[in-house]
Protein chains: 2
Amino acid sequence: MISPASYRTHPSPFESDLRSDGKRMTPQRKKVLSLFEEIGSGIHLSAEEVHSKLTSSGEKVSLATIYRTLRLLVKMTFLNELDLSEGGNRFELLSHDHPDHHHLICIRCGRTEEFENNNVINAGKAAAKNFGFKLLESSLNVRALCPKCSNK
Amino acid sequence: MISPASYRTHPSPFESDLRSDGKRMTPQRKKVLSLFEEIGSGIHLSAEEVHSKLTSSGEKVSLATIYRTLRLLVKMTFLNELDLSEGGNRFELLSHDHPDHHHLICIRCGRTEEFENNNVINAGKAAAKNFGFKLLESSLNVRALCPKCSNK
DNA sequence: TAGCGTAATGAGAACAGTTTGCAACGAGGG
DNA sequence: CCCTCGTTGCAAACTGTTCTCATTACGCTA
Ligand SMILES: [Mn+2]
Ligand SMILES: [Mn+2]
Ligand SMILES: [Zn+2]
Ligand SMILES: [Zn+2]
């Protein structure tokens, strides 16, 4: 049997990225990223929602730390920040399978669907090229009414 | 010679649209729309900018009225509201020649360029159709670095 | 053209989302 | 186990926008 001392916890990518930058792993940071990993991709949470999900499951994290951590996770490319308008920006796990998806939003009830479209990506690339800009990111937001909200 | 009383001022589309809705034409409303018409399309102003442009040319309009008027002009489809992120929403004259253009934004200096692309419009239509949503509007924001900002 | 009802304005308070300053805390290298 | 310095919590500050309410004035009517 292996003695306890010989366990060497494999540092997660998150932890090693932090370390290599002089930053520290904290329980708060772990909890925020874990929340997103547990709920999976395709979910778009506001800072307030992240906060209440954590506190209502007994965790103690301040809202300021949520904001600081979300910013950090975006910079580290673990999360993606969305500006869907209406009630604060939202954050989602950056899925490397669907890095460049776009959003269809019901402006009445907030229902949000995702879709991918290469033409959109190419349109962004083309526009940047035409003006000599260096492309960073392009996002298409489609505002609409969902079936439920449109017939009433 | 025609007597002053016989002049019948042709009401502008703005004025007649207002009237037919029980609303009133006011000097403030006239000034805000005129500002946009004078500077032309392709210019994206924040509420604060509209306010300071008017007050610095001697007009007296409150910021609250600017916000109310901008909202009204958007609803009346004289203006278009843009959510380019960073420093408040912006407004532009809704040009009926280029109703569906998109924006390329330098995230460093704020330089903004416009472009059109039918594939983007079609992508929005297709996404709405796929999910049974009723399309309202779709906007592609391309975040990038302009030539000046990218090489320094 | 004066009078009137009511829409619109100005000024500031309120608000929502987010950031920041600072003292206390604690991760983690030595 | 200690010390250092990055991180946290809390409250105050901030930014963009909306709201409240007393006052003004547009424009219909006589
Ligand atoms: Mn998404
Ligand atoms: Mn434009
Ligand atoms: Zn809906
Ligand atoms: Zn630039």
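Residues numbered from 1 in each chain as written. Chains lettered and ligands numbered in written order. Predicted model: local features only at pLDDT ≥ 70, side-chain atom pairs only at ≥ 80, totals over all residues. Heavy atoms only, no water.

Asker: Honestly, the overall build of chain A in this entry has me stumped. Any pointers?
Answerer: A count of helical and extended segments in chain A gives six helices and six strands. Along the chain direction, N to C, the helices and strands of chain A fall in the order α-α-β-α-α-β-β-β-β-α-β-α. Since a compact globule built from 152 residues should have a radius of gyration of about 15 Å, the 19 Å found for chain A marks it as more spread out than a globular shape. For chain A, the residues scored as buried account for 39% of the 152 residues in total. Within chain A, contacts between residues at least 6 apart in sequence are counted, and of these 47% link residues at least 24 apart. Split by element, the accessible area of chain A, about 9200 Å² in all, is 50% carbon and sulfur. Of the charged side chains in chain A, 21 are positive and 18 negative; the average position of the first set lies 5 Å away from that of the second. (Helix = DSSP H or I, 4+ residues; strand = E, 2+ residues; numbered from the N terminus. Rg over C-alpha atoms; globule rule 2.2 N^0.38 Å. Buried < 20%, exposed > 50% of the residue type's maximum accessible area, 1.4 Å probe, protein only. Contact = heavy atoms within 4.5 Å. Areas by Shrake-Rupley, 256 points an atom, 1.4 Å probe, with all protein chains shown as cover. Lys, Arg positive; Asp, Glu negative; His and termini not counted. Charge placed at Lys NZ, Arg CZ, Asp CG, Glu CD.)

Asker: What should I look at first to understand the protein's contact with DNA strand D in this one?
Answerer: If you check the shell around DNA strand D, you find 22 residues, and the closest are A:Gln28, A:Arg29, A:Thr65, A:Arg68 and B:Tyr67. Atoms of DNA strand D within 4 Å of the protein: sugar and phosphate make up 72%, bases the balance. Separating a sugar or linking oxygen of DNA strand D from a side-chain N or O atom of A:Gln28 is a distance of 2.8 Å. At 3.0 Å from a phosphate oxygen of DNA strand D is found a side-chain nitrogen or oxygen belonging to B:Arg19. Those elements that place two or more of their residues in the surface near DNA strand D are α2 (27–39) and α4 (63–75) of chain A together with α4 (63–75) of chain B. In the surface near DNA strand D, the residues fall into six nonpolar, eight polar and eight charged. (Near = heavy atom within 4 Å. Polar contact = N/O pair within 3.5 Å; in protein donor to acceptor, adjacent residues only side chain to side chain. Nonpolar A, V, L, I, M, F, W, Y, C, P; charged D, E, K, R; others polar.)

Asker: What is the right way to look at the packing of helix α3 (residues 47–56) of chain A against α4(A) in this model?
Answerer: Residue and element names in this part refer to chain A. Where α3 meets α4, the closest approach of the two axes is 9 Å, and the angle between their N-to-C directions is 120°. Between α3 and α4, the interaxial angle falls into the category oblique. Regarding α3 and α4, the two cross each other, and that crossing is right-handed. Along its contact with α3, which presents Ala47, Glu48, Val50, His51 and Leu54, the element α4 presents Leu63, Ile66, Tyr67 and Leu70. For the contact of α3 with α4, a count of residues per class yields seven nonpolar, one polar and one charged. (Axes fitted to C-alpha atoms, helices over the stretch in contact; angles between N-to-C directions. Parallel < 35°, antiparallel > 145°, perpendicular 65-115°, else oblique. Left-handed = near helix turned anticlockwise from the far one by under 90°.)

Asker: Would you mind going over the coordination of the manganese ion (ligand 1) with me for this structure?
Answerer: Reference values for coordination geometry: four tetrahedral donors around a metal ideally subtend 109.5 degrees, six octahedral donors ideally subtend 90 or 180 degrees. Residue and element names in this part refer to chain A. Around the manganese ion (ligand 1), the donor atoms from the protein are His44 (NE2), Glu92 (OE), His101 (NE2), His103 (NE2) and Glu114 (OE), and they sit 2.0 to 2.3 Å away. All donors of the manganese ion (ligand 1) belong to a single chain; written as a sequence motif, their spacing is H-x47-E-x8-H-x1-H-x10-E. Here His103 lies in strand β4 (residues 102–106) and His44 lies in the loop between α2 and β1 (45–46), a separation of 59 residues in the sequence. Given a relative accessible area of 10%, His44 falls into the buried group. (Donors = N, O, S within 2.8 Å, 3.2 Å for Na, K, Ca; no water.)

Asker: Sorry if this is basic, but what is going on with the coordination of the zinc ion (ligand 4) here?
Answerer: All names here are of chain B. Looking at the zinc ion (ligand 4), the protein donor atoms are Cys106 (SG), Cys109 (SG), Cys146 (SG) and Cys149 (SG), and they sit 2.2 to 2.4 Å from it. Here the zinc ion (ligand 4) is ringed by four donor atoms whose angles at the metal span 102 to 113°, and the overall shape comes out tetrahedral. Sequence spacing of the donors to the zinc ion (ligand 4): C-x2-C-x36-C-x2-C. Of this pair, Cys106 sits in strand β4 (residues 102–106) while Cys146 sits in the loop between β6 (134–145) and α6 (147–150), and the two are 40 residues apart along the sequence. (Tetrahedral: all angles 85-135°; square planar, octahedral: opposite > 155°, others 65-115°.)

Asker: Teacher, can you tell me more about the pattern of salt bridges here?
Answerer: What the rule picks out here adds up to twelve salt bridges over all chains. The closest approach of N and O atoms between B:Arg143 and A:Glu137, which form a salt bridge, is 3.1 Å. Separated into two different chains, B:Arg143 in strand β6 and A:Glu137 in strand β6 (residues 134–145) make up a pair that spans both. What makes B:Arg143 buried here is its relative accessible area of 17%. Residue B:Asp21 pairs with B:Lys23 through a salt bridge whose shortest N-O separation is 3.9 Å. (Salt bridge = Lys/Arg side-chain N within 4 Å of Asp/Glu carboxyl O.)

Asker: It is not clear to me how the layout of surface pockets should be interpreted in this structure. Could you clarify?
Answerer: The gaps of empty space that remain are located by a probe, the size of a water molecule, rolled over the atoms. Residues and elements named next belong to chain A. In this structure, the second largest pocket occupies an estimated 200 Å³ of space. Around the second largest pocket sit His44, Leu84, Ser85, Glu86, Arg90, Ile105, Cys106, Ile107, Arg108, Cys109, Gly110 and Thr112, which together line it. Of the residues in the lining of the second largest pocket, the class split is five nonpolar, four polar and three charged. In this structure, the lining of the second largest pocket is formed jointly by two domains, domain 1 (11–97) and domain 2 (98–152), each of which donates at least three residues. (1 Å grid on protein atoms, 1.4 Å probe; cavity = no way out; pocket = protein on both sides within 12 Å on 5 of 7 lines; lining within 4 Å. Points joined across faces, edges and corners; volume = space filled by probe spheres on them. Domains from an automatic or database assignment.)

Asker: In this structure, what is going on with helix α5 (residues 118–131) of chain A? I would like to understand it.
Answerer: Residue pairs three or four apart in sequence face the same way in an α-helix, which turns once every 3.6 residues. With 14 residues, α5(A) extends 20 Å between its outermost C-alpha atoms, agreeing within 8% with the 20 Å of an ideal straight helix rising 1.5 Å per residue. Within α5(A), the full set of buried residues consists of A:Val120, A:Ile121, A:Ala123, A:Gly124, A:Ala127 and A:Ala128. The arc that holds every buried residue of α5(A), seen down its axis, measures 160°, which confines them to one face. Seen from the open side of α5(A), the exposed residues pointing more than 90 degrees away from its buried face are A:Asn118, A:Lys129 and A:Asn130. The secondary structure elements touched by the buried residues of α5(A) are β4 and β6 of chain A together with β4, β5 (112–115), α5 (118–131) and β6 of chain B. N-capping of α5(A) is provided by A:Asn117, with a side-chain oxygen placed 2.8 Å from the backbone N of A:Asn119. (Expected span 1.5 Å × (residues − 1). Arc of directions from axis to C-beta.)

Asker: Please clarify how the interface of chain B and chain A should be interpreted in this entry.
Answerer: Interfaces are frequently sized by the accessible area removed from exposure as the parts join. Facing the 35 residues of chain B at the interface are 35 residues of chain A. Across the chain B to chain A interface the summed buried area is about 2900 Å²; carbon plus sulfur atoms make up 65%. It is B:Phe131, B:Phe133 and B:Arg143 that lose the most area in chain B upon contact with chain A, and together they represent 22% of the buried surface on that side. On inspection of chain B and its partner chain A, the count reaches two salt bridges. (Buried area = accessible area lost by both parts, 1.4 Å probe.)

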